[in-house]
Amino acid sequence: QVQLVESGGGLVQPGGSLRLSCAASVSITRFAPVGWYRRQAPGNQRELVARFTSYGSTQYGDSVKDRFTISRDIPENTIYLQMNSMKPEDTAVYYCTIFVNNQYYWGQGTQVTVSS
């Protein structure tokens with residue numbers, strides 16, 4: 001069974017930084033589609049934050065470009081999201097995801113709150 005466990009969320013002031021981690025119970029290959037999404041309010045759809053495509057390239061949501069960076073440690077099966085210059089509108093539950101065995105798996109989510 002595929003499990004994803006996020007960590008690193010919390011409260012940060014505007015302009016601050018956080019790094020999220022996502023540990024996967026399966027191997028993350030160079031071409032495995034993995035990424036981060038967020039839900040800013042209950043009932044809203046999850047939106048793309050950042051992801052690695054199956055071609056190994058990266059894709060970012062427009063609102064986080066040049067502020068957030070996705071990375072991965074393949075031997076450790078871990079995905080990271082470095083978030084800098086954070087804004088109140090980045091407040092959300094952040095989820096990591098991986099596409100394996102022809103389906104998407106999701107973590108339980110980690111809350112990030114940006115507030116002074």
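Just above sits the structure.
Everything numeric here is computed off the predicted structure, so don't read it as measured data.

Within the structure shown, the criterion is met by 2 aromatic pairs. Centroid distance tyrosine 37 to tryptophan 106: 5.4 Å. Interplanar angle 75°. Geometry classified as edge-to-face. Here tyrosine 37, found in strand 4 (residues 34-39), pairs with tryptophan 106, found in strand 10 (residues 103-106); they are 69 residues apart in sequence, far enough to count as distant. An angle of 55° between the planes, with centres 4.6 Å apart, marks the rings of phenylalanine 99 and tyrosine 104 as tilted. Under the relative-accessibility criterion, phenylalanine 99 is labelled partly exposed at 30%.

In the structure shown here, the tally under the stated rule is 1 disulfide. One disulfide bridge connects cysteine 22 with cysteine 96, the sulfur atoms lying 1.9 Å from each other. Looking along the S-S bond of the cysteine 22-cysteine 96 disulfide, the torsion reads about 45°, which is the right-handed sense. One end of the pair, cysteine 22, is in strand 3 (residues 18-24); the other, cysteine 96, is in strand 9 (residues 92-100), with 74 residues separating them in the sequence. Taking the relative accessible area as the measure of exposure, cysteine 96 reaches 0% and is therefore buried.

Thresholds applied
- Residues numbered from 1 in each chain as written.
- Predicted model: local features only at pLDDT ≥ 70, side-chain atom pairs only at ≥ 80, totals over all residues.
- Heavy atoms only, no water.
- Phe/Tyr/Trp six-rings, centres within 6.5 Å; stacked < 30°, edge-to-face > 60°.
- Helix = DSSP H or I, 4+ residues; strand = E, 2+ residues; numbered from the N terminus.
- Buried < 20%, exposed > 50% of the residue type's maximum accessible area, 1.4 Å probe, protein only.
- Disulfide = S-S within 2.5 Å.

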